[in-house]
Amino acid sequence: MAAAAAAAGGGGSGTASPTPRGVSIDVRIFLVVIAAAMAVSFGVGVVFGPTTTAELAAARAMAAQRQQQQQRSLLAAQEVTAGGGTVSMSLPAGTDQKDGAT
């Protein structure tokens, strides 16, 4: 029966169906949509990005200052007076020296 239905409908594996599958879109519309999306993303980047070189310089200076503070906190050098002379010693990070005791 399947052979009779295939012969009557002419349906082999190489024939195209009369109804199109999926949605077709024009290439010009596709390119316009892509170009518009790129333009919008560029505009958003310009609006929300850094505005002046002064702001960029200030942001870099703040980052450098923050890095220096972190390095100082890791190697906190404290001066301890021992027998009339001063001795410089480095304490590990997180060590707090109060009243001469660690």
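## What to know about the overall build of the protein chain
Summing up its helical and strand segments, the protein chain has 3 helices and 2 strands in all. Moving toward the C terminus, one meets the helices and strands of the protein chain in the order α-α-α-β-β. Here the protein chain displays about 9000 Å² of accessible surface, and carbon together with sulfur accounts for 63% of that area.

## Description of a nonpolar patch on the surface
Together, Ile25, Val27, Ile29, Phe30, Leu31, Val33, Ile34 and Met38 line one region of the surface with nonpolar side chains, adding up to about 800 Å² of accessible area. The topology assignment puts Phe30 in helix 2 (residues 27-48). Given a relative accessible area of 45%, Phe30 falls into the partly exposed group.

What counts as what
- Residues numbered from 1 in each chain as written.
- Predicted model: local features only at pLDDT ≥ 70, side-chain atom pairs only at ≥ 80, totals over all residues.
- Heavy atoms only, no water.
- Helix = DSSP H or I, 4+ residues; strand = E, 2+ residues; numbered from the N terminus.
- Areas by Shrake-Rupley, 256 points an atom, 1.4 Å probe, with all protein chains shown as cover.
- Patch = residues over 30% accessible without salt bridge, like charges linked within 9 Å, V, L, I, M, F, W, Y side chains within 5 Å.
- Salt bridge = Lys/Arg side-chain N within 4 Å of Asp/Glu carboxyl O.
- Buried < 20%, exposed > 50% of the residue type's maximum accessible area, 1.4 Å probe, protein only.

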